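# Summary of the model geometry
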Amino acid sequence: GVGGCVGSHEKENLIKSAPIIDFVFGTDNIDQLPEIIGRLESGKVVETRFQHRAPYHVETLARAPGVSTFVNITKGCDNFCTFCVVPYTRGREKSRPLQHVINDVKALVKRGVKEVTCLGQNVNSYESECGADFADLLEALATQTEIERIRFTTSHPKDFDQKLVEVMYRNQPKVCEYVHLPFQSGNSRILNLMNRGYTREEYLEKIAMIRKAIPNVVLSTDIIVGFPGETEEEFLDTISLVEEVGFETIFAFKYSPRKLTKAARFDGQIDEDTKSDRLDRLFKAHDVWAKNDAEKYVGQTLDILVEKMDENRGNLSGRSTQ
């Protein structure tokens, strides 16, 4: 059997291309697995329908969570960025009930977990059935559980508000002074084509809001280069935004067409050589800044949560709260 995003996206094509497969199920059909297997006596089964109104009740199950683990709080997405296939493979946005997440974290703490990362396509659009938003969830985890560190990813700039910033500030360092905030492009025209819901200027206002409340915040981001129609000047706007904000880490990728998305049908598709060149130049520009920025840690003593140990070499590795 094949499940998950691939199942949702490929459906019957999987069985046609690989007859050895007996059943295919989507991201909303995991709870139906026993029933799906029971139907195999009548032939192959494909069950990939989204259940948009069904509740999202999935317990966090981790056999060996270690000191740091992920806790899903949302699934799916309602934003429909023109480059992204998530709404078509993960379905519409759903949030887990607030108390379920709290119970999960409490259970993980009893198993020795020190740090959790709240996970979702857009965690800060979280909304529990009781009315709690993402800021309320962070506050509850910080005050009602014994977890020592809380992280979250990924946030959407349009949903990052003052209330969330204030909750982060009040609960430092339990809520880590780290924000991953994708901007994707530094040019407002391209952002509009991407259907991101904000301009370059509005993104920079969000960064200023975060830094005003949390001056020692560390920032990272996601970037797409070579989006259809992106000119050289518009690409340079992306480099200038990276330099203006000063991200400690960037996760950058070449635009790649995805079936079912609007951008795959846009005019002005950019050739691979140009996309590769732009990605290379972006990384080189960031490397210069990041190397200089890293020097601020020289001579500092930081509290590190050790996540890995190399017994052969005697090395320990982990992260600070930033």
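Since we're looking at a predicted model, the values are computed, not measured. Throughout, a residue's number is its position along its own chain's written sequence, starting from 1. Where local features are concerned, this predicted model is filtered to residues with pLDDT of at least 70; where side-chain atom pairs are given and counted, the filter is 80 or more; whole-chain, interface and lining totals use all residues. Only heavy atoms go into the side-chain values, all of them from the structure, while hydrogens and water stay out.

### A short note on a nonpolar patch on the surface
A cluster of nonpolar side chains, Leu302, Ile304, Val306, Met309 and Leu316, forms an exposed patch at the surface whose accessible area comes to about 450 Å². Working definition: helices are DSSP H or I runs of at least four residues, strands are E runs of at least two. Numbering for both runs from the N terminus. Note on placement: isoleucine 304 falls in the loop between helix H11 (272-294) and strand S11 (305-310). Only residues whose relative accessible area exceeds 30% and that take part in no salt bridge are eligible for patches, with like-charged residues grouped when within 9 Å of each other and nonpolar side chains (Val, Leu, Ile, Met, Phe, Trp, Tyr) grouped when within 5 Å. Only the protein chains shown count as cover for residues, and the accessible areas themselves come from Shrake-Rupley with a 1.4 Å probe. Whenever a carboxyl oxygen of Asp or Glu lies within 4 Å of a side-chain nitrogen of Lys or Arg, that contact is scored as a salt bridge.

### A look at the pattern of salt bridges
Any two side chains of opposite charge can pair if their charged atoms end up close together. Tallying each qualifying case throughout the model produces 25 salt bridges. The salt bridge involving aspartate 78 is made with arginine 92; its shortest N-O contact spans 2.9 Å. Placement of the pair is aspartate 78 in the loop between strand S4 (74-75) and helix H4 (86-89) and arginine 92 in the loop between H4 and strand S5 (94-95), with a sequence separation of 14 residues. Overall, aspartate 78 belongs to the partly exposed group, its relative accessible area being 36%. Note that glutamate 234 is salt-bridged to arginine 189, the shortest N-O span being 2.6 Å. Of this pair, glutamate 234 sits in helix H10 (residues 232-245) while arginine 189 sits in helix H8 (residues 188-194), and the two are 45 residues apart along the sequence. Burial status follows relative accessibility: with a 1.4 Å probe on protein chains alone, a residue under 20% of its type maximum counts as buried, one over 50% as exposed, and anything between as partly exposed. For glutamate 234, a relative accessible area of 9% corresponds to the buried category. A single network of salt bridges, built from pairs that share partners, joins Glu115, Arg149, Arg151, Glu307 and Arg319.

### Some points on the nonpolar core
Soluble globular proteins tend to pack their nonpolar side chains together in the buried interior. Put simply, a nonpolar core is a bunch of buried Ala, Val, Leu, Ile, Met, Phe, Trp, Tyr and Cys residues held in one set by side-chain atoms that sit within 4.5 Å of each other. With 62 residues, the main nonpolar core has Phe134 and Phe160 as its most contacted residues. It is helix H6 (residues 134-144) that provides the largest number of residues to this core, a total of seven residues. If we ignore the near neighbours within four places in the chain, the residues touching phenylalanine 160 are Asn124, Phe152, Ser155, Val165, Met168, Val179, Leu181, Lys206, Met209 and Ile210. Contacts were defined at the residue level, with two residues in contact if any of their heavy atoms lie within 4.5 Å.

### Focus on the packing of helix H5 (residues 98-110) against H6
Axis definition: a line fit to C-alpha positions, over the contact stretch in the case of helices; interaxial angles, taken between N-to-C directions, run 0 to 180 degrees. For the pair H5 and H6, interaxial distance at closest approach is 10 Å and the crossing angle is 35 degrees. Seen from above, H5 lies across H6 with right-handed handedness. Here Leu98, Val101, Ile102, Val105 and Lys106 of H5 come into contact with H6, specifically with Leu137, Ala140, Leu141 and Gln144. Throughout this entry, Asp, Glu, Lys and Arg are counted as charged residues, while Ala, Val, Leu, Ile, Met, Phe, Trp, Tyr, Cys and Pro are counted as nonpolar. The remaining residues, Gly among them, count as polar. Along the lines of polarity and charge, the residues of the contact of H5 with H6 split into seven nonpolar, one polar and one charged. In a left-handed crossing the near helix is turned counterclockwise from the far helix by less than a right angle, and in a right-handed crossing that turn is clockwise.

### Concerning the pairing of S11
If DSSP finds at least two bridges between two strands, the strands pair. As paired elements, S11 and strand S12 (residues 315-319) share five bridges and run antiparallel to each other. By the bridge assignment, leucine 305 is partnered in S12 with arginine 319. Two successive antiparallel strands, S11 and S12, enclose a turn made up of four residues, where glycine 314 displays a positive phi of approximately 75 degrees.

### Regarding the packing of aromatic side chains
Each Phe, Tyr or Trp ring (for Trp, its six-membered ring) is paired with any other whose centre lies within 6.5 Å, and the angle between the two planes then decides the class: stacked below 30 degrees, edge-to-face above 60, tilted in between. As enumerated under the stated definition, the model contains nine aromatic pairs in all. Summarising the aromatic geometry, the rings of phenylalanine 80 and tyrosine 88 are spaced 5.7 Å apart at their centres and angled 75 degrees between planes, so their arrangement reads as edge-to-face. We classify phenylalanine 80 as partly exposed; its relative accessible area is 29%. Between the aromatic rings of phenylalanine 152 and phenylalanine 160, the centroid separation amounts to 6.5 Å while the plane-to-plane angle is 40 degrees, which identifies the pairing as tilted. Judged on exposure class, the residue phenylalanine 152 and its partner phenylalanine 160 are both buried. Three or more aromatic residues joined by ring pairs form one cluster here, namely Phe183, Tyr198, Tyr203 and Phe247.

### Some details on the pairing of strand S7 (residues 149-153)
A large share of S7 lies buried, amounting to five of its five residues. Taking every second residue as pointing to the same face, both faces of S7 are buried, with Arg149, Arg151 and Thr153 on one and Ile150 and Phe152 on the other. Note: strand S6 (residues 115-119) against S7, five bridges, orientation parallel. The residue bridging threonine 117 from the neighbouring strand is arginine 151, located in S7.

Geometric values such as these leave the question of function open.
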